Amino acid sequence: DKVIAIIAEQALVDPRDVQADSLLADLGIDSLSLVEAIFAIEEAFDISVPFNANDPDRAGFDITSVGSIIVAVEGLVAQKAA
């Protein structure tokens, strides 16, 4: 829910309009909004996201959809807890 809220805030949409299968581009998330969302996720979960804005496809953090971001964040949080 927290990831969805962060993405919705960056997209300027209601969180109810953000689904796991939503694509960031379809939500109006541009590269700047994506970077801001990544920073907000890092702060909210106290994690370091392996994301390179200059080469997002090789970042090691799947930004294909909202669901893929949620899975990646869950993985990072689990790694931190281990």
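Before reading further, recall that the structure is shown in the block above.
What counts, and where the lines are drawn
- Residues numbered from 1 in each chain as written.
- Predicted model: local features only at pLDDT ≥ 70, side-chain atom pairs only at ≥ 80, totals over all residues.
- Heavy atoms only, no water.
- Helix = DSSP H or I, 4+ residues; strand = E, 2+ residues; numbered from the N terminus.
- Rg over C-alpha atoms; globule rule 2.2 N^0.38 Å.
- Buried < 20%, exposed > 50% of the residue type's maximum accessible area, 1.4 Å probe, protein only.
- Contact = heavy atoms within 4.5 Å.
- Areas by Shrake-Rupley, 256 points an atom, 1.4 Å probe, with all protein chains shown as cover.
- Salt bridge = Lys/Arg side-chain N within 4 Å of Asp/Glu carboxyl O.
- Axes fitted to C-alpha atoms, helices over the stretch in contact; angles between N-to-C directions.
- Parallel < 35°, antiparallel > 145°, perpendicular 65-115°, else oblique.
- Left-handed = near helix turned anticlockwise from the far one by under 90°.
- Nonpolar A, V, L, I, M, F, W, Y, C, P; charged D, E, K, R; others polar.

A. Representation of the overall build of the chain. Secondary structure assignment for the chain yields 3 helices and 0 strands. The helix and strand sequence of the chain, counted from the amino end, reads α-α-α. For 82 residues, the compact-globule formula gives about 12 Å, and the C-alpha radius of gyration of the chain, at 12 Å, lands near that figure. When the backbone C-alpha atoms are referred to their principal axes, the chain occupies close to 35 × 25 × 20 Å. For the chain, the residues scored as buried account for 39% of the 82 residues in total. A separation threshold of at least 6 residues defines the contact pool for the chain, and within that pool the share at least 24 residues apart is 52%. Approximately 5,100 Å² of the chain is accessible, and the part contributed by carbon and sulfur atoms is 51%.

B. Highlighting the pattern of salt bridges. On inspection of all chains with the given rule, the structure shows 2 salt bridges. Asp 46 is the partner of Lys 80 in a salt bridge, and the nearest nitrogen-oxygen pair spans 2.6 Å. In this pair, Lys 80 sits in helix H3 (residues 66-81) while Asp 46 sits in the loop between helix H2 (31-45) and H3, placing the two residues 34 residues apart along the sequence. Take Asp 46: its relative accessible area is 53%, and that puts it in the exposed class.

C. Region of the structure containing the environment of Ala 40. With respect to the secondary-structure elements, Ala 40 resides in helix H2. For the pair Ala 40 and Asp 62, spaced 22 residues apart in sequence, the C-alpha to C-alpha distance is 16 Å.

D. Expanded view of the packing of helix H1 (residues 2-11) against H2. Following both chains from N to C, one finds H1 and H2 inclined at 150°, their axes separated by 9 Å at the closest point. The angle between H1 and H2 falls in the class roughly antiparallel. Here H1 and H2 pass one another in a crossing that is right-handed. Where H1 abuts H2, its residues Lys 2, Val 3, Ile 6 and Gln 10 lie against Ser 33, Glu 36, Ala 37, Ala 40, Ile 41, Ala 44 and Phe 45. Partitioned by chemical class, the residues of the contact of H1 with H2 number 7 nonpolar, 2 polar and 2 charged.

E. Looking closely at H1. Burial runs high along H1: 7 of the 10 residues are buried. Taken as a whole, H1 has its buried residues at Val 3, Ile 4, Ile 6, Ile 7, Ala 8, Gln 10 and Ala 11. Tucked inside the fold, the buried residues of H1 contact H2 and H3. Positioned one or two residues after H1, Leu 12 has a phi angle of 60°, which is positive.

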